[in-house]
Amino acid sequence: MLKKYFVPTILMAALAIAFSGCGSKDKGLESALESISAEELAKNVEIISSDEFEGRAPASKGEEKTVKFLKEEFQKLGLKPANGESYFQEVPLVEITGDPNIKLKITGGKKVHSFSCGDEFVGVTQRVVEEVAVSDSEMVFLGYGIVAPEYNWNDYDGINVRGKTVVVLVNDPGFATENPELFNGRAMTYYGRWTYKYEEAARQGAAGIFIIHETEPAAYGWGVVKKGWTGPQFNLVSEDNNLSRCAVEGWVQLDVADKIFKESGKNLDELKSAATKQGFKAVPLGLKASVSLKNSIRYSKSRNVIALLPGSKRADEYIIYTAHWDHFGIDPTLEGDQIFNGALDNATGTCALIELAEAFTKLKSPPLRSILFMAVTAEEQGLLGSLYYATHPVYPTNKTVAVINMDALNIYGKMKDITIIGYGNSELDDYVEAAAREQGRRVRPDPKPERGSFYRSDHFSFAKQGVPALYTSSGIDHVEYGEEWTRQKRDKYIAENYHKPSDEYDPNWDLSGTIDDLRLLFKVAYRLGNESTFPNWKEGTEFKAKRDADMKSARKQL
Ligand SMILES: [Zn+2]
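In this text, all values refer to a predicted model and were calculated from it rather than measured experimentally.

A word on helix H10 (residues 343-361). Helical periodicity: at 3.6 residues per turn, an α-helix aligns residues three or four positions apart in one direction. Compared with an ideal rise of 1.5 Å per residue, which puts 19 residues at 27 Å, H10 spans 26 Å between its outermost C-alpha atoms and is within 8% of the ideal. A large share of H10 lies buried, amounting to 18 of its 19 residues.

So, in structure tokens, the structure goes:
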């Protein structure tokens, strides 16, 4: 009897010692969490979103200031350069600037139409050439322009579009019909994104592609399209100079599309609804499109900034925090304010990297695995910096446990919830759930999955390579004001400030909710950093097969 009790007593004593050891570790954890502060975050956001940083365009004076600032902050914290001796990874970019005075000419109807660039249509080329044109190219309406075998959908079925100009709708049929059986219902799939539509049209050999802009399914107004597709267009330098892309990629304004369809004797609304039905067949418009582009080409180099906190035991396994440092720079053609300060988007996420890095240095000892803090470039130009890293990784993707991305943080105060964009995609959700519970908060799926946000920030570049990626967004259930209030605030930001010079730092921001979010994201990486498992994508996601193959090749290397 005595013996029986004696052993547990020793065990209890041992446990008590273990817990007190744990306790001192917890103190490190506590001071780590406490070091994440709204004042410091705000101070840094104010610095890099000031006019002095010139809107942080890639390969600009603003870049110089931004990457220098980040490097110095990481250095001060004692983090190591993550790319050999350097805190930078060079990203070779090509910048193509088209002549803005181009016209889209439509012939073949009773009337010749000539639409002007900017307000009526936008057209650019990814081909690295000085001149490129589409002339008298037959126009075809291709519905959503989607080939998706898993949804048994092929808008290109039975038509050869080689040399033709295709006109397509934005988003996917699931969004338009709200039919949960079609694609992913209202939630946008990658097939709904303009990037996909351009890629598919190129695979099909089309000469040109125009997407019909509609604000709701695009999730942004014409202003965003106009700004995004005029002025310099950045791309990664590719071996074929992007000659496999369509000659012209663009958008047309909805009114312009209406005019074009009327000229062809077709009813756009009727065709739109036909395009949502399985078995839709492409409709030749009987019109011809001509547009010629004159480009000036500039090669440049931009930089991802990467700092390393080496792990204490399994240092060759990595957890990466990402946030894009870039924004749109300066637009000299604007009247009034010309600087795109990008305070919310994404000085907040960029400076959050510094707060998180600082927190990790406050631990008694670093996590077992290494943590990388990565400020990537050229996100606004199509996720280019993260795409470059994910396809030219400094550390192997199959040794990269997870990516945690931050883009445009919460400025409205404390929330009862936290949103996971792409909820249900990966086992990383469980880590967020656990950390949220500790804060007395709950996790909610993306309230606006139709915006396709999962495909619109840097974690997606990693997901495409199979690396499990987490992207959270502040919740919407405000502790004091509830959900409707937050929705209105967010919608107002999208309408008035998103990708506009007015996205500026405001001392009235309430960053208390963001501090909660950052502490939560700290805990996610902290836990991942001390585990030996590799959380995976869930069955049925488009990224799991890639990850499984990558991990298998890692095992073979051993
Ligand atoms: Zn952003």
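A few words on helix H15 (residues 512-529). Its 18 residues place the ends of H15 26 Å apart at the C-alpha level, agreeing with the 26 Å of an ideal helix rising 1.5 Å per residue. Most of H15 sits inside the fold, with 14 of its 18 residues counted as buried.

With that settled, the discussion passes to the packing of H10 against H15. Each pair of packed helices gets described by two things: the angle between the helix axes and the distance between those axes. In the contact formed by H10 and H15, the axes pass within 11 Å of each other and the chain directions differ by 55°. If you check the angle between H10 and H15, you find them oblique. The element H10 and its partner H15 pack so that their crossing is right-handed. On H15, the residues touching Ala352, Leu356, Ala359 and Phe360 of H10 are Leu518, Phe522, Ala525 and Tyr526.

Turning to the pattern of salt bridges, a few remarks are in order. Counted by the stated rule, this structure contains 32 salt bridges. Between Lys68 and Glu72 there is a salt bridge; the shortest N-O distance is 3.4 Å. One end of the pair is Lys68 and the other is Glu72, both in helix H3 (residues 61-76) and four residues apart, which spans about a single turn. The residue Lys523 makes a salt bridge to Glu438 at a minimum N-O spacing of 2.7 Å. With Lys523 in helix H15 and Glu438 in helix H12 (residues 428-438), the pair connects residues that are 85 residues apart, well separated along the chain. Owing to a relative accessible area of 56%, Glu438 belongs among the exposed residues under this scheme. Members of the salt-bridge network, linked through shared partners, are Asp417, Arg444, Glu483, Glu484 and Arg487.

Moving on, we get to the nonpolar core. As a rule of thumb, soluble globular proteins bury nonpolar side chains together. Core analysis: the largest hydrophobic core is formed by 92 residues, its most contacted members being Phe74, Trp251, Tyr321, Phe360, Phe373 and Phe522. Counting residues per element, this core draws most heavily on H10, at eleven residues. In terms of nonpolar packing, the next biggest core, distinct from the first, is built from 65 residues, Ile146, Val283, Val291 and Trp537 among them.

Turning next to the pairing of strand S13 (residues 283-309). As defined by bridge partners, strand S1 (residues 80-81) adjoins S13 across two bridges and the pair is classed as antiparallel. Within S13, the residue paired with Lys80 across the bridge is Leu308. Sheet topology note: the strand S6 (residues 131-141)/S13 ladder contains eight bridges and is antiparallel. Note that in S13 the partner of Phe141 across the bridge is Val283. Strand direction decides the pairing type here: S13 and strand S17 (residues 369-376), joined by five bridges, are antiparallel. Its bridge partner lying in S17, Ala307 is registered against Phe373.

Let us look at the coordination of the zinc ion. Taken together, His324 (NE2), Asp345 (OD), Asp407 (OD) and Asp407 (OD) make up the full set of protein donors to the zinc ion, lying 2.0 to 2.5 Å away. Coordination at the zinc ion is irregular: its four donor atoms span angles of 55 to 152° at the metal. Binding-site remark: the zinc ion is held by donors from one chain whose sequence spacing is H-x20-D-x61-D. On the criterion of sequence distance, the pair formed by Asp345 in helix H10 and Asp407 in the loop between strand S18 (400-405) and strand S19 (417-420) is long-range, its members being 62 residues apart. Summarising the burial analysis for this pair, Asp345 and Asp407 share the class buried.

Moving on: the environment of Gly163. Positionally, Gly163 belongs in the loop between strand S8 (153-154) and strand S9 (165-169). For Gly163, a relative accessible area of 40% puts it in the partly exposed group. Remark: the alpha-carbon pair of Gly163 and Cys246, spanning 83 residues in sequence, is separated by 9.1 Å.

Using the criterion set out here, one finds zero disulfides in the structure. We note that Cys246 lacks a disulfide partner, and the nearest cysteine sulfur, in Cys117, lies 17 Å from it.

Reading the values: the criteria
The numbers attached to residues start from 1 for each chain and follow its sequence in the written order. Residues qualify for local features only when their pLDDT is at least 70, as the model is predicted, and side-chain atom pairs are given and counted only at 80 or more; totals for whole chains, interfaces and linings, by contrast, use all residues. Side-chain figures throughout are based on the complete set of non-hydrogen atoms in the structure, without hydrogens or water. Secondary structure elements are taken from DSSP: a helix is a run of H or I of four residues or more, a strand is a run of E of two residues or more, and numbering for both begins at the N terminus. Helix span, expected: 1.5 Å multiplied by one less than the number of residues in the helix. Only protein chains enter the accessibility calculation, which uses a 1.4 Å probe. A residue is then buried if its area is under 20% of the maximum for its type, exposed if over 50%, and partly exposed in between. Inter-axis angles, ranging from 0 to 180 degrees, are taken between N-to-C directions of lines fitted to C-alpha atoms, where helices are fitted over the stretch in contact. Note on terminology: angles under 35 degrees are roughly parallel, angles over 145 are roughly antiparallel, angles of 65 to 115 are roughly perpendicular, and the others are oblique. Two helices crossing with the near one rotated counterclockwise from the far one by less than a right angle form a left-handed crossing, whereas a clockwise rotation gives a right-handed crossing. Two residues qualify as a contact provided that any one of their heavy atoms is within 4.5 Å of a heavy atom in the partner residue. Salt bridges are identified by distance alone: a Lys or Arg side-chain nitrogen within 4 Å of an Asp or Glu carboxyl oxygen. The nonpolar core is taken to be a set of buried Ala, Val, Leu, Ile, Met, Phe, Trp, Tyr and Cys residues, with the residues joined through side-chain atoms within 4.5 Å. Whether two strands pair comes down to DSSP finding at least two bridges between them. Here the term donor refers to an N, O or S atom within 2.8 Å of the metal (or 3.2 Å for Na, K and Ca), and because water is left out of the atoms, sites may appear incomplete. Four donors are marked tetrahedral only if all angles between them lie between 85 and 135 degrees, whereas four are marked square planar and six octahedral if opposite donors are more than 155 degrees apart and the other angles lie between 65 and 115; the remainder are marked irregular. Cysteine sulfurs are considered disulfide-paired once they come within 2.5 Å of each other.

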